[in-house]
Amino acid sequence: MKIAIFPGDGIGSEVTREAVRVLEALDLPGLTLFEGDVGAIAYHRHGHPLPPETLAMANASDAVLFGAVGDPSCDNLARHLRPEQAVLGLRSELGLFANLRPATVFSGLEDMSGLRPELARTIDMLIVRELNGDVYFGDKGIREIDGGEREGWDMMSYSESEVRRIAHSGFQAAQKRGGKLCSVDKANVLETSQVWRDTVIAVAREYPDVELSHMYVDNAAMQMVKDPGQFDVILTGNLFGDILSDLASMCVGSIGLLASASLGERQTDYGTFGLYEPIHGSAPDIAGQGKANPMATILSAAMMLRHSFGKADQAERIEAAVSNALADGIRGGDLGGTLGTQAIGDAVLERL
Ligand code: IPM
Ligand code: MG
């Protein structure tokens, strides 16, 4: 079982270190970890945020554990050299089109939510975000228009086949959970969303056991704050999913708690190949200080064991250890506490 570890920039290396300790503590036979450079650190060492050797390493692995990318030192580089291109490049090169972002409130953390505790308590949703298309990967550019001013433009599009495959992921996820799927789009304004909605409705015929609803993205943002308990699975495109998953994280209480899995079609000897990463970024403001909460990355490692290695029992062990640590009052700065990255890792390991 080969896992490629790509810590990346900022707090990425701090949080992945703790997740690696957790993986190693499980003592799984045949587990091999190897490490590669991505992001700003890769740009500075190799001249590219996603060097060919890193991509080759990902391709040779059964799963990738990814930290975070992004560094102010790269803000003025041409877009194709910016650190973010590492994760976007991996997602597209590896065909990882289905991004699963679960958001659930841990018991004892209801007070940390941006919402009232009685609302926070009801949160148990999964955002299924399309990851290979949309305005993220369309043609884009900056052109000069009349009067010499600059105009930025980004092309948004979704084809039926792109929507169809992510819709299947969404419906199948709903079948395994509460049986409800809410498709989020902006079909009142965007043609991209019209194709999205029509296609989701067509796919729904294959899933009569799933209750399908549709919501415009602006209303979905409002509903997530007003009544988050109404959501089971949210199915949405790349851009809307990016925004709604950060919103969901604050409903849960901290972005330091949200894990994610990015899956495609490739099967390995053990399960579905995937890339696993916390949904947070590299947080350059606190990088190198050992302050970041590693739980989102630890929980991402748990998702890896479940989806890529068929080890749901080990995944549950990790999830229980995190949940018990939180219930025991283990808190980093993101949750109003004082514990550092390593101390939080220690607390999870003890409970494991
Ligand atoms: C995320 C991040 C990325 C995204 C960035 C780093 C490119 O915000 O994974 O949510 O926009 O997808
Ligand atoms: Mg994001």
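Residues numbered from 1 in each chain as written. Chains lettered and ligands numbered in written order. Predicted model: local features only at pLDDT ≥ 70, side-chain atom pairs only at ≥ 80, totals over all residues. Heavy atoms only, no water.

*Asks:* Could you clarify how one ought to interpret the domain arrangement of the protein chain in this entry?
*Replies:* When the parts come together, some accessible area is lost, and that loss is often what is quoted as the size of the interface. Split into domains, the protein chain comes out as domain 1 (1–96 + 261–352) and domain 2 (110–253). Here the C-alpha centroids of domain 1 and domain 2 sit 24 Å apart. Listed by partner, the interface residues are 12 residues for domain 1 and 12 residues for domain 2. Of the roughly 860 Å² buried between domain 1 and domain 2 on both sides combined, carbon and sulfur atoms contribute 64%. Remark: the boundary between domain 1 and domain 2 carries 0 salt bridges. Run the count over domain 1 and domain 2 and you get 2 residue pairs in polar contact (both at pLDDT 80 or more). Among the elements that line the side of domain 1 that touches domain 2, the one with the most residues is helix α4 (residues 84–93), at 3 residues. Residues of the side of domain 1 that touches domain 2, tallied by class, amount to 4 nonpolar, 4 polar and 4 charged. (Domains from an automatic or database assignment. Contact = heavy atoms within 4.5 Å. Buried area = accessible area lost by both parts, 1.4 Å probe. Salt bridge = Lys/Arg side-chain N within 4 Å of Asp/Glu carboxyl O. Polar contact = N/O pair within 3.5 Å; in protein donor to acceptor, adjacent residues only side chain to side chain. Helix = DSSP H or I, 4+ residues; strand = E, 2+ residues; numbered from the N terminus. Nonpolar A, V, L, I, M, F, W, Y, C, P; charged D, E, K, R; others polar.)

*Asks:* In this structure, what is going on with the nonpolar core? I would like to understand it.
*Replies:* Where a protein is soluble and globular, its nonpolar side chains tend to be buried together. By size, the foremost hydrophobic cluster in this structure holds 82 residues, and its most contacted members are F171, M224, L257 and M295. Considering each element in turn, this core owes the most residues, 8 residues, to helix α10 (residues 295–307). The two domains that each donate at least three residues to this core are domain 1 (1–96 + 261–352) and domain 2 (110–253). Not counting chain neighbours up to four residues away, the residues in contact with M224 comprise L115, M125, I127, F231, I234, L244, L247, A248 and C251. Formed by 19 residues, the second largest nonpolar core is a distinct cluster that contains V38, L55, L96 and L275. (Core = buried A, V, L, I, M, F, W, Y, C linked by side-chain atoms within 4.5 Å. Buried < 20%, exposed > 50% of the residue type's maximum accessible area, 1.4 Å probe, protein only.)

*Asks:* Could you clarify how one ought to interpret the packing of helix α1 (residues 12–25) against helix α12 (residues 341–351) in this entry?
*Replies:* Helix-helix packing is described using two parameters, namely the angle between the two axes and the distance between the axes. At their nearest, the axes of α1 and α12 sit 10 Å apart, and the two run at 20° to each other. Comparing the axis directions of α1 and α12 gives the class roughly parallel. As α1 runs across α12, the sense of the crossing is right-handed. Seen from α1, the contacting residues are E14, V15, E18, R21, V22 and A25; seen from α12, they are T341, Q342, G345, D346, V348 and L349. When its residues are assigned to classes, the contact of α1 with α12 shows 5 nonpolar, 3 polar and 4 charged. (Axes fitted to C-alpha atoms, helices over the stretch in contact; angles between N-to-C directions. Parallel < 35°, antiparallel > 145°, perpendicular 65-115°, else oblique. Left-handed = near helix turned anticlockwise from the far one by under 90°.)

*Asks:* Before we go on, may I ask you to explain the sheet that holds strand β11 (residues 259–267) in this structure?
*Replies:* In sheet architecture, strand pairing relies on hydrogen bonds along the backbone and comes in two forms, parallel and antiparallel. The strand order across the open sheet built from 10 strands is β2-β1-β3-β12-β11-β4-β5-β10-β8-β9, with neighbouring strands paired in mixed fashion. Since the sheet does not close on itself, it has two edges, and those belong to β2 (32–35) and β9 (211–216), each with one partner. On average, each strand axis in the sheet is tilted by 20° relative to the strand beside it, whichever way the strands run. As judged from the 4 bridges shared by strand β5 (residues 124–130) and strand β10 (residues 233–236), these two strands associate in the parallel manner. Among the inter-strand pairings, R129 is bridged to a residue of β10, identified as T236. (Pairing = 2+ DSSP bridges.)

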